[in-house]
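# Reading the structure
Here's the letter readout for the chains.
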Amino acid sequence: MKLSYSKIPLREIFGETLVELGAAHPRLLVLDADLNTSSRTVLFKQRYPDRFVQCGIAEANLFGLAAGLAAQGFTVFPSTFAAFATRKALDQVYVNIAYPQLDVKIAGSYCGMTATECGPSHNCAEDLAVMRSLPHVKVCDPGDNHELRAMMHAMMVTPGPVYFRVAKVNAPELFGADHKFEFGRGHLLREGRDVALVGTGFMTAIALGAAELLDREGISAAVAHLPSIKPIDEQLIGKLARETGALLTIENHRIHGGLGGAVAEVTARDYPVHVEAMGLGDTVFEAAPLQDLLRHYELTPCAMAARARALVQRKRRASAA
Amino acid sequence: MKLSYSKIPLREIFGETLVELGAAHPRLLVLDADLNTSSRTVLFKQRYPDRFVQCGIAEANLFGLAAGLAAQGFTVFPSTFAAFATRKALDQVYVNIAYPQLDVKIAGSYCGMTATECGPSHNCAEDLAVMRSLPHVKVCDPGDNHELRAMMHAMMVTPGPVYFRVAKVNAPELFGADHKFEFGRGHLLREGRDVALVGTGFMTAIALGAAELLDREGISAAVAHLPSIKPIDEQLIGKLARETGALLTIENHRIHGGLGGAVAEVTARDYPVHVEAMGLGDTVFEAAPLQDLLRHYELTPCAMAARARALVQRKRRASAA
Amino acid sequence: MPCLKHPDPALLRAFTDCAFHTRRLCLELITQAGWGHLGGSFSAAELLACLYGGILTIDPRAPGDPLRDRFILSKAHASPALYATLALRGFFPIERLFTYCRLDGLDGHTQRGQCPGIEYSGGSLGTGLSYAAGTALALRLEENFGSRVVCLLGDGECNEGQIWEAAMSAAHHRLDNLIAVIDYNKVMAKGKTSDLMSVAPLRDKFAAFGWTVLACDGHDLAEICLAFHRAKYLEMNGRPVVIIAHTVKGRGLPAAEFNYHWHTHAPTPAQAEGFLADLNRTYGRAEKFSRALVAPTDGGLEAVITADLAL
Amino acid sequence: MPCLKHPDPALLRAFTDCAFHTRRLCLELITQAGWGHLGGSFSAAELLACLYGGILTIDPRAPGDPLRDRFILSKAHASPALYATLALRGFFPIERLFTYCRLDGLDGHTQRGQCPGIEYSGGSLGTGLSYAAGTALALRLEENFGSRVVCLLGDGECNEGQIWEAAMSAAHHRLDNLIAVIDYNKVMAKGKTSDLMSVAPLRDKFAAFGWTVLACDGHDLAEICLAFHRAKYLEMNGRPVVIIAHTVKGRGLPAAEFNYHWHTHAPTPAQAEGFLADLNRTYGRAEKFSRALVAPTDGGLEAVITADLAL
Ligand SMILES: Cc1ncc(C[n+]2csc(CCOP(=O)(O)OP(=O)(O)O)c2C)c(N)n1
Ligand SMILES: Cc1ncc(C[n+]2csc(CCOP(=O)(O)OP(=O)(O)O)c2C)c(N)n1
Ligand SMILES: [Mg+2]
Ligand SMILES: [Mg+2]
């Protein structure tokens, strides 16, 4: 398997797709909190200055304004870093947006560890857990450029609040331009019998790499990609559980309450099998380049292959016993 | 089993224990956000006015002040409703308190559905999930008056941030005055073979009631109480999984990422068995008296017994197959 | 659209009636529910009576009309007063009020769309002015220059930083179709605002944030009308307007005036009868409750568990 | 404790040196890390030089002394300037600066306790003034009346409502041992503050929130000293003090002054050389970088996956 990597970063696709949607939907608004050249909402601003609202460095108000605008029938994309979308305005997202189920699409930029050198205050390894705990909010983390674009088109025809991540990364190309995104639907990227590697966001690429390494030693690993964390693809998780009996998840997020937690909640309820989670632990972020963070936190194909190998052995011991 | 219920509500114990701790610890401070007669920090205010700081209706500032005070060596108890402690100041709790691991003990009053008539804005069914996703923060939900008191004494000798719940309820008496609380330690309240009912906070009383009902029809249900959700008692969960093969959790919280999620993360990793979660679903709260809410959301001994009965049947079918 | 500059005495009498019955109904609702915010509901009674009596352009039979004025109750704990005023103005049947704090009923704090006339999901203080500013921005984007957005805030609520974020952004975006009203009753939940977290001088604060500041006696109907007359018609100069309405928390009940105990306590049926007598005395009337009031009982956890085990 | 009213010329020369080398080191750090906030570091260079040159009572050899003054950098993205100033003043070896944005090194935003002299974990704008107010309150509770708390804020940062919550509470609690300084460089991340979300008039806003307001040219050493002389010794009247320091974002680099592009871009080694030449020209010097600068490379996800698969 040879992955190729896009030359265009995800955030650029985010900006371009906003422009695309803006053309088709005259009632689409974009709100910014002094980050538009970073988040790339600047592309929308340049094209549709009248539908771009600068809210300054005031995230609580950003989401309050978004709610008021959505209540009058606009589809609103308030945009800031994932850290601030999650932590600075949770109450406003919850009481003013999630409960009344207003049509607000929240983009969390620089999610997970992709704020890199910014360190703990800007990196955000809890947004999936936090947003998943709110009622009525759909939560997703796209795997590549095509999927982000498809996801944004899908949310335009799906009323109600959505939280989606825009990692600062050049994503591996997992899908083609014809890729379809559906809320609640995952994708089986590779068949396998011994273990299933389950990823979300760009981390799925690491799972694909690990599967490759495992294949070289004769371990057959399935690889699934779950861009939609809430709702989550329970059918696919069930199929993987039944067919492999051991799941290993990987996410650009803390291992508490995110993808690993959501998958474990499903398997524990319906298909009890081993599920292990890879991601950030109960630790503060280092501030460093992405390659160093991925290695430091052991989120690499080699590390994942090693965890999978051990998991397969435990599974076999368990079924032997 | 005949449960007796305290005539003194949990929040009263919270206030009294603050006074008790205040006497022993001259560097203990209590901060309020215009709720002291509701949260009962008013008892501390009356006794130690110089160590009580009124912060007004400004929760972000409440936790920022707490951080600054703790940084100078005080042990600070900022207090507000769980909803506002969780949603209004997550960023301040995270960046200014959790990361530097300051000695701040956060009391979340009126947690879960115990804000009753207040409705969605004040009830809070996500605090466990949200706080559990933060690094270095211990998270707990006491089951009765003795446990709350023991918990507060324990946190005074355990440096670092803690989030604990103070439900607005008259709790059932689960423990004696000599009850010991340890972070990461749960309690087996009742032995059983067929299924394990696992509760946190006052909901454990519902599990005890359900076990009683199940016993009448010959189903042997173990009951465990997990007041410490992070860290969680992995040994006890393992023992229950091995001995009963089916767990049913119940919490005064949404079923996403709280007690049910934390338990499923452990079993899925180490002891794959069926785990089902009872609590609030992906819905908005009604505003009504507690008894009506418990029945409306099917969080009663009868409802739990029914879920447990079905779970035992599924387990048996599964092992038969 | 009545004249607000020189309001017709008949109109003012109608406002007086509305304010009185709003208070009376608040007593009924809060007593029956055993829960609710009495003090902050009473301090807003005249403001709401005037707003829905003619200041707001809004038709009870078409509460969704895009050309209506929008009203946002940021201090959403005063919901009993808003529910009562809406019912009295015909937005929905009076009977519906008595679902307050019951399952499938009216929430303790307003929920958008739960009943006709409710625009905003609130209860978390500090969030309403942003929502109102967003609404005002939406009206401008839609080139609806006729509608106004009116947002009612508490004085303690102005402790919340989000109020000042919203104030800053409303001035920055020149939202002169936005009118904030402060129910300046000098008391918050647990004491005097000046003792707990002073917001004074409110006039200077809003002025420094770029707003036009007006003031009135929030219980004087003519003054209220005049203030809104200026706010709606004279001050279209690119600046949002705030009306500082000086009020009395618990106004109308000697026992509750300026008394934070009645910020959030529910009277017993007996106390409620006494309070109605006080109201009748204060306003020179002889009104009765619409029904015999009963206090609710919440057996809570114990009732639920005991009932099931008794099966 | 030097005289701030009539500072000795030798002292001012030392401040000038410190400010220059802080800028020089910022260029080195940001270029080597390929990341950092240049504009906001440069606008604060003189303020930090004066603070750590003598305004703050703090001994580099005893940075934990309970009797020290506390300094809180709320605009924590200016960390390169603070790290450099601290190193230049001997809080830790210059060499340690070069761990900036490396694993186990100095964070892109300050982290409490990560190196001597850092009091506060920041990076999320708007949180520092509350933390500073809490610190000031703690000093008073400990009856430490000698120490002051100084908090440096950005002008764009004043968009954050929490700043106004903190301002309100500091005045309410009469924290006259708290001094806020606004690095008023008129620019935020993506443009002019007046275009994006105006905070003007800052003077009136802080005055209305109960603060004593002083102003100075944030690049004029004598004016800075005089402002702090007044703030520290004359204004102990129960009110917190804010010094509005008028500054220039990117000050010292013609290409970067008032230019938001340089809010957060890292120069290439070549650009950095050019910038140093500009600095030397602006300040009439002939300084060199301490080393040959190299730009970092982050192969990111691709590098990590490709490397493993190549094994
Ligand atoms: C964010 C938040 N914190 C606390 C509360 C609890 N609470 C409800 S009303 C109130 C006091 C409000 O005082 P004020 O704004 O003056 O309202 P009024 O006097 O008009 O009732 C408080 C603290 C809340 N609803 N929201
Ligand atoms: C809460 C929050 N939102 C956004 C950012 C991203 N950010 C970093 S610096 C900055 C601009 C700050 O402007 P200002 O306060 O004027 O600082 P200065 O001009 O001194 O750099 C922004 C938006 C942040 N660090 N924190
Ligand atoms: Mg008030
Ligand atoms: Mg600036």
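What you are looking at is a predicted structure, and each value in this text was computed from that prediction instead of being measured.

So, how was this worked out
- Residues numbered from 1 in each chain as written.
- Chains lettered and ligands numbered in written order.
- Predicted model: local features only at pLDDT ≥ 70, side-chain atom pairs only at ≥ 80, totals over all residues.
- Heavy atoms only, no water.
- Helix = DSSP H or I, 4+ residues; strand = E, 2+ residues; numbered from the N terminus.
- Buried < 20%, exposed > 50% of the residue type's maximum accessible area, 1.4 Å probe, protein only.
- Contact = heavy atoms within 4.5 Å.
- Polar contact = N/O pair within 3.5 Å; in protein donor to acceptor, adjacent residues only side chain to side chain.
- pLDDT = per-residue confidence, 0-100.
- Near = heavy atom within 4 Å.
- Areas by Shrake-Rupley, 256 points an atom, 1.4 Å probe, with all protein chains shown as cover.
- Core = buried A, V, L, I, M, F, W, Y, C linked by side-chain atoms within 4.5 Å.
- Donors = N, O, S within 2.8 Å, 3.2 Å for Na, K, Ca; no water.
- Nonpolar A, V, L, I, M, F, W, Y, C, P; charged D, E, K, R; others polar.
- Pairing = 2+ DSSP bridges.
- Axes fitted to C-alpha atoms, helices over the stretch in contact; angles between N-to-C directions.
- Buried area = accessible area lost by both parts, 1.4 Å probe.
- Salt bridge = Lys/Arg side-chain N within 4 Å of Asp/Glu carboxyl O.

### Overview of the environment of C:Arg291
All names here are of chain C. For Arg291, the position within the fold is in the loop between α11 (269–283) and α12 (300–310). Overall, Arg291 belongs to the partly exposed group, its relative accessible area being 26%. In this structure, the C-alpha to C-alpha distance between Arg291 and Glu28, residues 263 residues apart in sequence, is 8.3 Å. Residues in contact with Arg291, not counting those within four places in the same chain, are Glu28, Gln32, Glu95 and Phe98. Looking at Arg291, its side chain comes within polar contact range of the side chain of Ser290, at 2.9 Å.

### Some thoughts on the confidence of the model for chain C
Model confidence for chain C is summarised by a mean pLDDT of 97, while 100% of its residues fall at 70 or above. The ipTM for the predicted assembly is 0.97, set against a pTM of 0.98.

### Notes on the site of ligand 2
Not every one of the 24 residues close to ligand 2 is listed here, only the nearest: D:Lys75, D:His77, D:Gly123, D:Asp155 and D:Lys249. The site occupied by ligand 2 is bordered by residues of chains A and D. Between ligand 2 and the protein, one listed contact pairs a nitrogen atom with a side-chain N or O atom of A:Glu59 at 3.0 Å. Within the side chain of A:His122, an N or O atom sits 3.2 Å from a nitrogen atom of ligand 2. Alone, ligand 2 offers 580 Å² of accessible surface; in the complex the protein occludes 99% of this.

### Points about the nonpolar core
A:Phe164, A:Leu197, B:Phe164 and B:Leu197 are the most contacted members of the largest nonpolar core, which totals 476 residues. Setting aside chain neighbours within four positions, we find A:Phe164 in contact with A:Phe14, A:Phe77, A:Lys105, A:Ile106, A:Ala107, A:Gly108, A:Cys140, A:Leu148, A:Met151, A:Met152 and A:Met155.

### Description of the coordination of the magnesium ion (ligand 4)
Residues and elements named next belong to chain D. Distances from the magnesium ion (ligand 4) to its protein donors, Asp155 (OD), Asn185 (OD1) and Val187 (O), fall within 2.0 to 2.1 Å. On the primary sequence, the residues serving as donors to the magnesium ion (ligand 4) are separated as D-x29-N-x1-V. With Asp155 in the loop between β2 (149–154) and α6 (161–172) and Asn185 in the loop between β3 (178–184) and α7 (193–196), this residue pair connects regions lying 30 residues apart in the sequence. The same class applies to Asp155 as to Asn185, namely buried.

### With respect to the site of ligand 1
Within the structure, ligand 1 sits among 24 residues, and C:Lys75, C:His77, C:Gly123, C:Asp155 and C:Lys249 are positioned closest to it. More than one chain approaches ligand 1, the contributing ones being chains B and C. Here B:Glu59 contributes a side-chain N or O atom positioned 3.0 Å from a nitrogen atom of ligand 1. When isolated, ligand 1 has an accessible area of 590 Å², and the protein chains bury 99% of it. By residue class, the composition of the shell around ligand 1 is seven nonpolar, nine polar and eight charged.

### Examining the sheet that holds strand β5 (residues 138–140) of chain B
All names here are of chain B. The seven strands are arranged β2-β1-β3-β4-β6-β5-β10 in an open sheet whose pairing can be described as mixed. Looking at which strands have only one partner, the edges of the open sheet turn out to be β2 (52–54) and β10 (228–230). Averaged over all pairs of adjacent strands, the angle between their axes in this sheet comes to 20°, without regard to strand direction. Relative to strand β3 (residues 75–81), strand β1 (residues 28–32) is paired through five bridges, and the arrangement is parallel. Of the residues in β3, the one forming a bridge with Asp32 is Ser79.

### Concerning the interface of chain A and chain B
Tallying the contact residues gives 42 residues for chain A and 42 residues for chain B. Contact between chain A and chain B buries roughly 3400 Å² in total, counting both sides, with carbon and sulfur atoms accounting for 58%. Our enumeration of links across chain A and chain B arrives at eight salt bridges. When the shortest N-O distance is used, the salt bridge between B:Asp91 and A:Arg87 registers 3.9 Å. Applying the counting criterion to the chain A and chain B interface returns 28 residue pairs in polar contact (both at pLDDT 80 or more). When residues of the side of chain A that touches chain B are assigned to their parent elements, the largest contribution, seven residues, is made by helix α11 (residues 259–270) of chain A.

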